[in-house]
Amino acid sequence: MKRKNDRGFPDRAAIVAFIKANPGKVGTREIAREFGLKNADRIELKRMLRELADDGLVKKKRHAISEPDSLPPTLVADITGRDADGELVASPTEWDEVESGEPPKILITMPRRPKPGTAAGVGDRALLRVERSDETEGPAYRGHIIKVFDKTKSRILGVFRSLPEGGGRIIPVDKKSADRELNIAPTETHGAQDGDLVSVDIIRSRGFGLASGRVKEKLGSVKSEKAISLIAIYAHDIPLQFRPAAEREAEAAEPATLKGREDWRDVPLVTIDPPDAKDHDDAVHAQPDPDPNNKGGFIVDVAIADVSFYVRPGTALDRDALDRGNSVYFPDRVVPMLPERISNNLCSLVPGEPRGALAVRMIIGPDGRKRSHSFHRILMRSAAKLNYAQAQAAIDGRPDDTTGPLLDPILRPLYAAYACVKRARDERDPLNLDLPERKILLKSDGTVDRVVVPDRLDAHKLIEEFMILANVAAAEMLEKKSLPLIYRVHDEPTLEKVHALAEFLETLDVPFAKGGALRPALFNRVLAQLEGHDHFPLVSEVVLRAQAQAEYSSENYGHFGLNLRRYAHFTSPIRRYADLVVHRALVRALGLGEGALPDTETPETLSEVAAHISVTERRAMKAERETVDRLIAHHLADRIGSSFQGRVSGVTRAGLFVKLAETGADGLIPIRSLGTEYFNYDEGRHALVGTRSGTMHQLGDVVDVRLIEAAPIAGALRFELLSSSSGETAPRGRRSSGPQRRPSFKAHPGRSPDKKRKPDKPKKPGKGKKAKGKSKGKGQKGKAW
């Protein structure tokens, strides 16, 4: 029986239960039909659905209503306000509003006597332990504070521009705030000079006119060589300096010796890295297995720098490493997770020098499957330092002075072992999204020289596959020993994203089976049948966007992209804290000596670490991406009016986001500049469709554009459309999401515009007009997987 209130209207619990029982496309019409609601009840129903969405009990996106995405048991959240009872309310820090709608609310449950470090207020960021609420009133989740990260801030980062009469203006570096300048009085400049990058405290905001600020700190001139990356470092609070205690611990560290280690110095392990790599934390070796019972098989050794020997739990080095979570790689600098004494010296597997390492020896069968593995704490000596192109050239018949002597004894066995494990890899059929990765090459003054796409070589794939095998072995060993660990997990796409992808592929007459178990092979088949087709880049982009984001977790739910049941990061402890935790766990599990994971570490404590380093990883990715945007915007600033070819990389109500073929730069074509008619946003087609002409601009279209504006500090570019490869019209009668208003330019290239910005009013539609024209870094060690 349907539950109703005194007015005969369904209660909240009944509506939520109906939505949960009918996954897929449930809208206001279906709910009204289910509960027998008349037209007069629609206003009340919409109000109730809005309340349920605000509380996070349902997810409302466009015209569809569904059960909200589940939150992980531990996450980082921002405390945004208080409810009617004065209780704190939070929202997840990392949440994609474009893909998942409004973020769910979390009601903070505070104990009578908070533990030190857990007292929080509105504006704070905190690590929470989260669980679903049993109540149908109020937020869908309840959270308990584990740790408060940082307190309320009213400080921004910007560039100081002096005024003739004294004082100056601050131009914020944040793209969303780039048009919100601050006024600085002559007495509040703190000695800042024109062009200085400064942090500013907001001291007064006004409803009209400029807000006022006070320069708090001078960070250097934007004209300096490394100013662009410095902006991202300060904007994202990335620690730049190590604590003095950590530096002292690093300087006092002694090289590893044979004490407590196996002697592998005669095993000819080699490192294969990018040519500009500063640290070398993994080395490989392979040989045919002499065991007659494994004819055609191989023995593969992967040795990883023994960081756990130097960075002990609870030390200053450990605290700094955990705070950073990972190294951050910019085109002009690296912000390392560990001091250089550790990362570039004692733990860098340089040729000819004895180095401590944690090694895994894997027995590979002739079918390419791993039969067994064993872990060893060793002292090794690298036989050579090679780069990918150098190793590949030797195999292709062009050895040099270094690789010539290594070709037969070392390189050929490595490639033969890779050919073997590739059979199992192909059979496993992981997600085959091998998208090109651009690399920025700089001049000596720190400006962009050119942007290149490095060749994708078998040398890259060889290292990737060996690292994946080692990572799997680490996870299997720790599970066998029943020790807690941090997994690298990657969830399968949500049903909503799969349905959206299927609907999109249907518009291209591409079959896609939505039923049955979800496997990477399902997506690979779609990509394979479109390879070489004009739609291939478009479909690759849409398939990528359908995927979940990989993260760290103390709970294992597998790795969808790699099609693996268990997976952990083991191969880069110099630059990732997750790998360091796995190393410590292996040392403890196998009784390998000093630097073991403490007994106090449990799945609960590691879940907190996993949540934190997942956030630092995303912080690093965002900072790296923004720095690239700013560098290229600087590079293109003197080419205003030039024409470029690109591809539509995003479609929103704001307009078209375009990625240039030459540099990979992202910029916006505002919707107001597409013509004199209205354009509707068709979510299913990832397109903007003209209401009069039917002209369709779609994700993946090849376009010619003219650069109209460049904002180097914000990293923003604005284009106008010259011609498009689309030129096609959408079928009449297909529903879109209504006329679109014209946003201002200050949207964020490459992602959704600022939702809080109020768009300009639309002009009256005019005559329609068709567009003219024709109708991966360091391999697996650097991937987001």
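Before going into details, it helps to say that this report is about the structure given with it. This one's a predicted model, so the numbers in the text were calculated from it and none came from an experiment.

Notes on the overall build of the protein chain
Working step 1: The helix and strand inventory of the protein chain stands at 16 helices and 33 strands.
Working step 2: Split into buried and exposed, the 785 residues of the protein chain put 51% on the buried side.
Working step 3: Taken as a whole, the protein chain presents about 36,300 Å² of accessible surface, with 48% of it coming from carbon and sulfur.

Focus: the sheet that holds strand 31 (residues 696–698)
Working step 1: Strand order in this open sheet of 3 strands is 29-30-31, and the pairing throughout is antiparallel. Lying at the two open borders of the sheet, with one neighbouring strand each, are strand 29 (679–682) and strand 31. On average, each strand axis in the sheet is inclined to that of its neighbour by 20°, with strand direction left out of account.
Working step 2: Pairing of strand 29 with strand 30 (residues 687–690) involves 4 bridges; the strand directions are antiparallel. By the bridge assignment for strand 30, Tyr 681 is matched with Leu 688.

Details of the packing of helix 5 (residues 227–235) against helix 16 (residues 603–636)
Working step 1: Between helix 5 and helix 16, the least distance of the axes is 9 Å, while the angle of their chain directions is 145°. Crossing angle aside, the handedness with which helix 5 passes helix 16 is right-handed. Taken together, the residues of helix 16 that come into contact with helix 5 (itself represented by Ile 228, Ser 229, Ile 231 and Ala 232) are Ala 623, Thr 627, Arg 630, Leu 631 and His 634.
Working step 2: In terms of residue class, the contact of helix 5 with helix 16 is built from 5 nonpolar, 3 polar and 1 charged.

With respect to the pattern of salt bridges
Working step 1: As enumerated under the stated definition, the model contains 33 salt bridges in all.
Working step 2: Linking Asp 426 and Lys 422 is a salt bridge whose minimum nitrogen-to-oxygen distance equals 2.9 Å. Note that Asp 426 and Lys 422 are positioned in helix 10 (residues 407–428) at a spacing of 4 residues, about one turn of the helix.
Working step 3: Among the ionic pairs, Glu 464 bridges to Arg 456, the shortest N-O distance being 2.7 Å.
Working step 4: Overall, the relative accessible area of 30% leaves Arg 456 in the partly exposed class.
Working step 5: In the salt-bridge network here, residues are joined through shared partners; they are Lys 422, Arg 425, Asp 426 and Glu 465.

What about the side chain of Asp 320?
Working step 1: Positionally, Asp 320 belongs in helix 7 (residues 316–324).
Working step 2: Ignoring any residue separated from it by four or fewer positions in sequence, one finds Asp 320 in contact with Phe 242, Arg 243 and Ala 246.

Here's the deal with helix 11 (residues 458–480)
In an α-helix there are 3.6 residues to a turn, and that puts residues three or four apart on one side.
Working step 1: Taking 1.5 Å per residue, 23 residues should reach 33 Å; helix 11 reaches 33 Å between its end C-alpha atoms and fits that length.
Working step 2: Among the 23 residues in helix 11, 18 count as buried, and that is most of the element.
Working step 3: Backbone geometry just downstream of helix 11 places Ser 482 in the positive-phi region, at approximately 55°.

Here's the deal with unusual backbone geometry
Working step 1: The phi torsion at Asp 237 lies on the positive side, around 55°, for a residue other than glycine.
Working step 2: Mapped onto the secondary structure, Asp 237 falls in the loop between helix 5 and helix 6 (244–252).
Working step 3: Positive phi outside glycine occurs at His 686, with the angle close to 55°.
Working step 4: Of note, His 686 is situated in the loop between strand 29 and strand 30.

Quick word on helix 5
Working step 1: Within helix 5, 7 of the 9 residues are buried, which leaves the element mostly enclosed by the surrounding structure.
Working step 2: Positive backbone phi, approximately 55°, marks Asp 237, located one or two places after helix 5.

Quick look at the nonpolar core
Nonpolar side chains in soluble globular proteins tend to be buried together.
Working step 1: Judged by nonpolar contacts, the single largest core of 93 residues is most densely connected at Val 302, Phe 466 and Phe 570.
Working step 2: In terms of residue count, helix 11 provides more of this core than any other element does, 12 residues in total.
Working step 3: Not counting chain neighbours up to four residues away, the residues in contact with Phe 570 comprise Ile 304, Leu 358, Val 360, Phe 375, Ala 470, Asn 471, Ala 474, Asp 579, Val 582, His 583 and Leu 586.
Working step 4: In this structure, Val 448, Leu 522, Tyr 681 and Leu 688 belong to the second largest nonpolar core, which totals 50 residues.

Focus on the pairing of strand 4 (residues 88–92)
Working step 1: With respect to burial, strand 4 is a largely interior element, 5 of its 5 residues being buried.
Working step 2: Neither face of strand 4 is exposed, since Leu 88, Ala 90 and Pro 92 on one face and Val 89 and Ser 91 on the opposite face are all buried.
Working step 3: Note: strand 3 (residues 74–82) against strand 4, 5 bridges, orientation antiparallel. The partner of Ala 77 across the bridge, within strand 4, is Pro 92.
Working step 4: The turn joining strand 3 and strand 4, which pair antiparallel and follow one another in sequence, is formed by 5 residues; a positive phi near 85° is taken by Gly 86.
Working step 5: Inspection of the sheet shows strand 4 paired to strand 5 (residues 106–108) by 2 bridges, in the antiparallel sense. In the sheet register, Ala 90 faces strand 5, and the bridge partner there is Ile 106.

A short note on the environment of Asp 11
Working step 1: Looking at where Asp 11 falls in the secondary structure, it is placed in the segment before helix 1 (12–21).
Working step 2: Residue classification places Asp 11 among the partly exposed residues on the basis of a relative accessible area of 23%.
Working step 3: In sequence terms Asp 11 and Met 48 are 37 residues apart; their C-alpha atoms lie 9.0 Å from each other.

Focus on the pairing of strand 19 (residues 354–364)
Working step 1: With 8 of 11 residues buried, strand 19 lies mostly within the body of the structure.
Working step 2: With 8 bridges connecting them, strand 16 (residues 298–305) and strand 19 associate as antiparallel partners. When the sheet's bridge partners are listed, Ala 303 is paired in strand 19 with Ala 359.
Working step 3: As paired strands, strand 19 and strand 20 (residues 370–381) are joined by 11 bridges and run antiparallel to one another. Bridging from a neighbouring strand, Ile 363 pairs with Ser 372 of strand 20.

A look at the packing of aromatic side chains
Working step 1: What the rule picks out here adds up to 5 aromatic pairs.
Working step 2: Relative to Phe 35, the ring of Phe 18 has its centre 6.0 Å away and its plane inclined at 75°; by these criteria the two rings are edge-to-face. Within this pair, whereas Phe 18 is found in helix 1, its partner Phe 35 is found in the loop between helix 2 (28–34) and helix 3 (42–54), the two being separated by 17 residues in sequence.
Working step 3: For Phe 18, a relative accessible area of 13% corresponds to the buried category.
Working step 4: The interplanar angle of 85° and the centroid separation of 5.6 Å between the aromatic rings of Phe 375 and Phe 570 together place this pair among those described as edge-to-face. You can see Phe 375 sitting in strand 20 and its partner Phe 570 sitting in the loop between strand 25 (551–553) and helix 15 (577–590), a full 195 residues away along the chain.
Working step 5: In this structure Phe 570 comes out as buried when scored by relative accessible area, which is 0%.

Some remarks on the environment of Gly 195
Working step 1: Considering the arrangement of structural elements, one finds Gly 195 in the loop between strand 10 (182–184) and strand 11 (196–204).
Working step 2: Overall, Gly 195 belongs to the buried group, its relative accessible area being 0%.
Working step 3: The contact partners of Gly 195, leaving out residues within four places of it in the chain, are Val 159, Phe 160, Arg 161, Gly 220, Ser 221 and Val 222.

A few points about the environment of Asp 281
Working step 1: Inspection of the secondary structure assignment puts Asp 281 in the loop between strand 14 (270–273) and strand 15 (282–288).
Working step 2: Residue classification places Asp 281 among the buried residues on the basis of a relative accessible area of 0%.
Working step 3: Sequence-wise, Asp 281 and Val 350 are 69 residues apart; in three dimensions their C-alpha atoms are separated by 9.0 Å.

Quick notes on the rules
- Residues numbered from 1 in each chain as written.
- Predicted model: local features only at pLDDT ≥ 70, side-chain atom pairs only at ≥ 80, totals over all residues.
- Heavy atoms only, no water.
- Helix = DSSP H or I, 4+ residues; strand = E, 2+ residues; numbered from the N terminus.
- Buried < 20%, exposed > 50% of the residue type's maximum accessible area, 1.4 Å probe, protein only.
- Areas by Shrake-Rupley, 256 points an atom, 1.4 Å probe, with all protein chains shown as cover.
- Pairing = 2+ DSSP bridges.
- Axes fitted to C-alpha atoms, helices over the stretch in contact; angles between N-to-C directions.
- Left-handed = near helix turned anticlockwise from the far one by under 90°.
- Contact = heavy atoms within 4.5 Å.
- Nonpolar A, V, L, I, M, F, W, Y, C, P; charged D, E, K, R; others polar.
- Salt bridge = Lys/Arg side-chain N within 4 Å of Asp/Glu carboxyl O.
- Expected span 1.5 Å × (residues − 1).
- Core = buried A, V, L, I, M, F, W, Y, C linked by side-chain atoms within 4.5 Å.
- Phe/Tyr/Trp six-rings, centres within 6.5 Å; stacked < 30°, edge-to-face > 60°.

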